[in-house]
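Structure at a glance
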Amino acid sequence: MAGNEWINGYLEAILDSGGGGSSEQNVQKEVKMRERGDFNPTKYFVEEVVTGVDETDLHRTWIKVVATRNSRDRSSRLENMCWRIWHLTRKKKQLEWEELQRLAKRRWEREQGRRDATEDMSEDLSEGEKGDIVGELMLSETPRKKFQRNFSNLEVWSDDKKEKKLYIVLISLHGLVRGDQMELGRDSDTGGQVKYVVELSRALARMPGVYRVDLFTRQISSPEVDWSYGEPTEMLTAGPEDADTNELGESSGAYIIRIPFGPRNKYLRKELLWPYIQEFVDGALAHILNMSKVLGEQIGGGQPVWPYVIHGHYADAGDSAALLSGALNIPMVLTGHSLGRNKLEQLLKQGRQSKEDINSTYKIMRRIEAEELSLDAAELVITSTKQEIDEQWGLYDGFDVKLEKVLRARARRGVNCHGRYMPRMVVIPPGMDFSNVNVQEDTPEVDGELAALIGGVDGSSPKSLPAIWSEVMRFLTNPHKPMILALSRPDPKKNITTLVKAFGECRPLRELANLTLIMGNRDDIDEMSSGNASVLTTVLKLVDKYDLYGQVAFPKHHRQSDGVFINPALVEPFGLTLIEAAAHGLPMVATKNGGPVDIHQALNNGLLVDPHDQQAIADALLKLVSEKSLWHECRKNGWKNIHLFSWPEHCRTYLTRVAACRMRHPQWQTATPEDEIPAEESFNDSLKDVQDMSLRLSVDGEKSSLNESLDYAAIASGDPELQDQVKRVLSKIKKQESTESIDIEGGNKPLESSVSKYPILRRRRRLIVIAVDCYDSDGAPENKIGQMVQDVMKAVRLDPQAARVSGFALSTAMPVSETMEFLKSGDIQVNEFDALICSSGSEVYYPGAYTEEDGKLIRDPDYASHIDYRWGCEGLKKTIWKLLNTSEGEEKLEEPFSTIEEDTESSNSHCISYFIKELSMAKKVDDLRQKLRMRGLRCHPMYCRNLTRMHIIPLLASRAQALRYLFVRWRLNVANMYVILGESGDTDHEEMIAGAHNTVIMKGVVSRGSEELLRMTGSYLRDDIVPGESPLVTYLSEGATPDDIADALKLGSKSAPGM
């Protein structure tokens, strides 16, 4: 075409441009070309635009083009703009292509994972059972008729559950949460979810058998928001409305509990809360432990009353609930509300942002990982519709509809699933409050009702006129006709324009009914967003085109009326307005895509249509308006069945489903210290603090006199009875020192049987946790760890008062045997430590307490049973060997050696340890976890010991979670723990930094960690886990002395409660 020759120049320049260098190189190249006289401006322009185009400049460029009178400048600007449009189109096509490739790869990986899982599980079946499993998998892959599941085996929650007295915990972290005058719509974080969780809390507290409901959220003490969001506690309801005063306990009812985490004086949007999640978990854990004790005294007969369930709402609360569930061994329930993978898919389809840009804005990868972690831990996932299960949760690694059916079939038959698990998805529609809805009788006709509204009947005074009537009636010539009501924002997805076309082209429908379009609240179309304004403008044009004046109303403000309610959206996730319309007696016509299908199945109060079929919409509306008997039948059905969506029904279904979960709570095989401790033994145990510290105060081997210390304490007290008790204790200690000496792997320390019944840890007020991962190239611990341990102990002893109540714990990836050998080589007695957390958090030991007669340490049996949940050791061994020693799980590697080799000496019943033989072939942690999830396996994989080992431990186990276990088991608050780390470490290093504990990071101690195998490119970042700045984190420079360490501990103690 004439005048478009410049296009050829651009295309030639594109072909010749090749790979671009840095901007500085391009500038230098330009200067040289100009000097030679062969500078090509078109080629240079292409190279510059390809690297620097900005989509937002297009509109400004077009304005300048229109305003330019000079034809040459105008032509240049048009060329510039055309190129930018072409480039953006190319960029969009590239993103679409990358997305198609990603989806194809993901589909292949899911199929491979499903195939591997079914093959592994079929090995222990007979031939007939194998055929049954394959048949079930094939059936699940082929479309079949939908059927109503039979839940007859579930015991429905009823009024006879009053004696249960349950404690339920709900979590909703982001937004502004309060019980009254909710600021819904203030920002994107304070919306429907806030209203939902508050109403759910109230409704649950009113159910029979529920004693207390706590709704956890963030405490915000900021001048940006109202003071009420800084209140620690807010009561929502005292309990069941029909309960007697005597039945209401001191702590019964529903409460909002606000936990401080993150910056105290800032209101943060949800994308910025991720680094502070673990701090919230520790704060919430402290509240739950205190409340369980209080409730135990009130209703538990002195035994702790643990939460019945922990329910997380949205990804951030799901992540928190997973950690709390793991720390307490209590069932977890999840409601996603909106899902990260679904949002990512939609944003990528728009083609405006790359995955990296999306992640930077929305922290979408951290959100997705939180949802995956929630699926790992959840017993139950509650959704609003079946569509949410299939089309949204089906996008996640941790949930596969087909594999879930296979696993459920095996569970029914009692066949081993080898640790594979998929959470159970159930549809429970949101509850609604119908207390303000008055169900009307059908006797008065619409004309009579209208007459009563306008001027009264038989001379009677008129009823008060609803505000909506004055808005609607000014549009309508004949307001006596039935009304077709559509209520939605003017969004293209809501398909309002198709509805107007269907109404305008169906003359019988226009003669029988009016159309009322409630399209949000507006003052001026010009002030609306471009998308909404465009829809509204199109509606006005269609009204004019079909001459619908007097037949269509589109008021600026809205409420309710009678007639037919229609929701013609292309896809409707749920359809809350359909339920509201049914409650007010309006039959519905709704889209057949999404939630309305489930609503129609429950209410049977209208018709479903294809939103793309204009004629079908018109026919359905005409059918309901013209056939009065059908209209009345739909109206009655709606009123009759609307209770299915009430809050009591929602809570009844909710509690029924939760009751069917595997109920768990903290249970100790060994006796608890608070059970029954004789007075003398309790006193002896308290003196153990003094004895223990006297043994530690000798750095150079000189032992201070315990007798002198105790004698002084007795004399100072002036109590003769106390002095007698001290003498008895001293005589027992002297006797044991002379007759007993237990050898613990070479460490000689006298242990009293009466004193050692319980770990001394329970008497500590402060715990110093040494978790420095310093290993050589072979994975052996370096000697400087021993020196650092001694420096830390010296630092603590510099303050005798703090030293008396302080204990030590060692947290390491080494097994206990190797840990003992290392301590012995460094001349450090194992009894210097109150606890040893070994094998990356898979085992916990208490030197001086849990020991055999020969002095061998015994692991904590309660911790072992605590972390056993969903642990499939044998299934994991087979799958990991296959994944890491084959290419993408299919073809065997040609190399004569394998990537990994099992380290039997470092393995235990809850830790599978491998040597890394070929580091270049090792998979990143998130890649490995993804593939295991696709196969239904839930665990905690990590690399450790300077990338020489890989550990696979249970889902609930980790070094960070072990600290929370010590809190739950021995009531040593995490906030009173001081964790000493290096700058880098094992792949669980980041988990150890964040939280409510104080962290001291020692620079220059660890030369190399294992974090390089933690995440793949494009995953979430370290900043999404670890807070950039925190008053709880202190850094020490290389070569720190004991005095420096002591100062760092003092600095941290200022923020520790109770110190």
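Further up the page is the structure itself.
Position numbers for residues start from 1 in each chain and track the written sequence from start to end. For this predicted model, a pLDDT threshold of at least 70 governs which residues receive local features, and a threshold of 80 or more governs which side-chain atom pairs are given and counted, while totals over whole chains, interfaces and linings are taken from all residues. Only hydrogens and water are set aside; all other atoms, that is, all heavy atoms of the structure, feed into the side-chain values.

Points about the overall build of the protein
- Scanning the protein for helices and strands turns up 36 helices and 29 strands.
- Exposed residues in this analysis have more than 50% of their type's maximum accessible area, buried residues have under 20%, and partly exposed residues fall in between, with area computed by a 1.4 Å probe over protein chains only. Taking all 1059 residues of the protein together, 55% fall into the buried category.
- Throughout, a contact is declared for two residues whenever any of their heavy atoms are within 4.5 Å. Restricting to contacts in the protein with at least 6 residues of sequence separation, those with at least 24 account for 72%. Secondary structure elements follow DSSP: runs of H or I of four or more residues count as helices, runs of E of two or more count as strands, with numbering from the N terminus.

Observations concerning the side chain of Asn329
- Along the polypeptide, Asn329 turns up in the loop between helix H9 (314–328) and strand S6 (332–335).
- Taking the relative accessible area as the measure of exposure, Asn329 reaches 12% and is therefore buried.
- Not counting the four nearest positions on each side in its chain, Asn329 is found in contact with Arg664, His665, Pro666, His866 and Leu956.

Focus: the sheet that holds strand S24 (residues 912–916)
- Two strands qualify as a pair provided that DSSP identifies no fewer than 2 bridges between them. The strand order S23-S24-S26-S25 describes an open sheet built from four strands, whose pairing is antiparallel. With one partner strand each, in any of the chains shown, strand S23 (900–902) and strand S25 (940–944) form the two edges of the open sheet. For this sheet, the mean inter-axis angle between neighbouring strands, taken without regard to orientation, is 25°.
- Lines fitted to the C-alpha atoms define the axes, with helices restricted to the stretch that makes contact. Angles between their N-to-C directions range from 0 to 180 degrees. Relative to S25, helix H33 (residues 925–934) is tilted by about 155°, and along the sheet it contacts S25 and strand S26 (949–953).

Some points on the nonpolar core
- Each nonpolar core is a collection of buried residues, namely Ala, Val, Leu, Ile, Met, Phe, Trp, Tyr and Cys, held together in the definition by side-chain atoms within 4.5 Å. Ranked by size, the top nonpolar core spans 101 residues in total, and within it Ile171, Phe216, Phe280, Leu328, Trp393, Tyr846 and Leu966 carry the most contacts.
- Top contributing element to this core by residue count: helix H8 (residues 277–299), with 10 residues.
- Here Ile171 is in contact with Leu215, Phe216, Phe280, Ile310, His311, Gly312, His313, Ala317, Ala321 and Leu324, once residues within four sequence places are set aside.
- Grouped together as the second largest cluster of nonpolar side chains are 42 residues, Ile484, Met528, Val625 and Cys634 included.

Some details on the sheet that holds strand S18 (residues 806–811)
- Strand order across the open sheet formed by seven strands is S20-S19-S18-S17-S27-S28-S29, with mixed pairing between neighbours. Pairing within the sheet leaves two strands with one partner each, and these edge strands are strand S20 (843–845) and strand S29 (1033–1036). Going across the sheet, the axis of each strand differs from the next one's by a mean of 20°, ignoring polarity.
- Here strand S19 (residues 835–838) runs beside S20; their pairing, made up of three bridges, is antiparallel. Across the sheet, residue Leu836 finds its bridge partner in S20, namely Tyr845.
- Across the face of the sheet, helix H28 (residues 783–797) comes into contact with strand S17 (766–770), S18, strand S27 (977–982) and strand S28 (998–1002) while running at roughly 160° to S17.

A short note on the packing of aromatic side chains
- Note on aromatic contacts: the rings of Phe and Tyr and the six-membered ring of Trp form a pair at centre separations within 6.5 Å, being stacked when their planes are under 30 degrees apart, edge-to-face when over 60 apart, and tilted otherwise. Evaluation of the coordinates by the stated rule reveals eight aromatic pairs.
- Ring centres 5.6 Å apart and planes at 45° place the aromatic pair Tyr196 and Trp647 in the tilted group. Here Tyr196 is found in helix H7 (residues 192–205), whereas its partner Trp647 is found in helix H24 (residues 647–659), with 451 residues between them in sequence. Across the pair, exposure class does not vary: Tyr196 and Trp647 are buried alike.

Considerations on H24
- Multiplying 1.5 Å by the helix residue count minus one yields the expected span of that helix. Helix length check: H24 (13 residues) gives 18 Å between terminal C-alpha atoms against 18 Å at 1.5 Å per residue, within 8%.
- Regarding H24, the residues found buried are Trp647, His650, Cys651, Tyr654, Leu655, Thr656, Arg657 and Val658.

A few points about the pairing of strand S5 (residues 309–313)
- Within S5, five of the five residues are buried, which leaves it mostly tucked inside the rest of the structure.
- Both strand S1 (residues 166–171) and S5 contribute to a ladder of four bridges, which runs parallel. Paired with Ile171 across the bridge in S5 is Gly312.
- For S5 and S6, the ladder comprises four bridges, and the chain directions are parallel.

Observations concerning unusual backbone geometry
- Backbone geometry places Lys165, a non-glycine residue, at a positive phi of 55°.
- Summarising the element assignment, Lys165 is placed in the loop between helix H6 (127–141) and S1.
- What makes Lys165 partly exposed here is its relative accessible area of 34%.
- One non-glycine residue, Ser840, lies in positive phi territory at about 60°.
- The residue Ser840 is located in the loop between S19 and S20 in this model.
- The exposure class assigned to Ser840 is buried, which follows from its relative accessible area of 1%.

Re the pattern of salt bridges
- Salt bridges, as used here, are contacts in which a Lys or Arg side-chain nitrogen is within 4 Å of a carboxyl oxygen on Asp or Glu. All chains considered together, the criterion is met by 46 salt bridges.
- Its salt-bridge partner being Asp116, residue Lys882 comes within 3.4 Å of it at the nearest N-O pair. Taken together, the residues Lys882 in helix H32 (residues 873–884) and Asp116 in helix H5 (residues 71–122) connect sequence positions 766 residues apart.
- For Lys882, a relative accessible area of 27% gives the class partly exposed.
- On the basis of relative accessibility, which here comes to 4%, the residue Asp116 falls in the buried class.
- Where Glu369 meets Arg929, a salt bridge forms, and the shortest distance between an N and an O atom there is 3.8 Å.

Observations concerning the environment of Asp547
- Summarising the element assignment, Asp547 is placed in the loop between helix H19 (530–545) and strand S11 (552–553).
- For Asp547, a relative accessible area of 53% gives the class exposed.
- Between the C-alpha atom of Asp547 and that of Gly504, which follows or precedes it by 43 residues, the distance is 8.0 Å.

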